[in-house]
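A structural walkthrough
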Amino acid sequence: MPDLEVERWYRPCRSARTRTARRTRNAVLRLRDALHTCDVGALRRLLHPRVSLVIDGGGILPAPAHAVTGGVAVTRALVQAIAGVPRASIEEAHVNGQSGLTLRVAGRVIAVMGIGVRGQRIHQIWLIANPVKLTDWNRP
């Protein structure tokens, strides 16, 4: 027989996690669509004004030394990154246990994006383009 006290505590926590996961996935799908079409207006509306973008190129790929911050700067950096790889497909994937994105060229993952959402807007993006860290993403 279930412990009713535990069930009363657990049910609201479970539904809050479900709402957060749903909100994150919706934001990730909107980001995917905006990046796919290079829709700068949609990107700006989706990103929190104080959004930050951290890029790990591993010293192999060019990346800023510090986080890129602010909606305008992050929008510009994302559009430049995607435009630099014209044949890339952008796909939803589970990244660190939550919804994120992968960029693939010829079936090979060239970058992974982890996304942090606050409210309905994206406030943090971690873009991993370091080939050494993407080894597991490209295993058969």
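So, here is what we can say about the structure in this document. Counting restarts for each chain, with residues numbered from 1 along the sequence as it is written. Residue-level local features of this predicted model are given only where pLDDT is at least 70; pairs of side-chain atoms are given and counted only at 80 or more, and the full residue set underlies all totals for whole chains, interfaces and linings. Only hydrogens and water are set aside when side-chain values are computed; all heavy atoms of the structure are taken into account.

Focus on the sheet that holds strand β4 (residues 98-105)
This is how the line gets drawn: For two strands to be treated as a pair, DSSP must find no fewer than two bridges joining them. Only runs of H or I of at least four residues qualify as helices and only runs of E of at least two qualify as strands under DSSP, and these elements are numbered from the N terminus. Whether two residues are in contact is decided by their heavy atoms, any of which lying within 4.5 Å being enough. Axis definition: a line fitted to C-alpha atoms, limited for helices to the stretch in contact. Angles are taken between N-to-C directions and run from 0 to 180 degrees.
Taking strand neighbours across the sheet as the criterion, the six strands line up as β2-β1-β6-β5-β4-β3 in an open arrangement whose pairing is mixed. Among the strands making up the open sheet, the edge pair consists of β2 (68-69) and β3 (89-95). One ladder, built from six bridges, connects strand β1 (residues 47-56) with strand β6 (residues 121-128); its direction is parallel. Paired with L47 across the bridge in β6 is I122. Most of the contacts of helix α3 (residues 71-83) go to β1, to which it runs at about 45°, and overall it touches β1, β2, β3, β4, β5 (108-118) and β6.

As for the nonpolar core
Put simply, the test is: Joining through side-chain atoms within 4.5 Å is the link that ties buried Ala, Val, Leu, Ile, Met, Phe, Trp, Tyr and Cys residues into a set, and such a set is a nonpolar core. Buried means the residue's accessible area, taken with a 1.4 Å probe over protein chains only, is under 20% of the maximum for its type, while exposed means over 50%, and partly exposed covers the values in between.
Formed by 25 residues in total, the largest nonpolar core has its most connected members in L31, L35, L78, M113, I122 and I125. If you list the elements that add at least two residues to this core, you get α1 (4-37), α2 (40-46), β1, α3, β4, β5 and β6.

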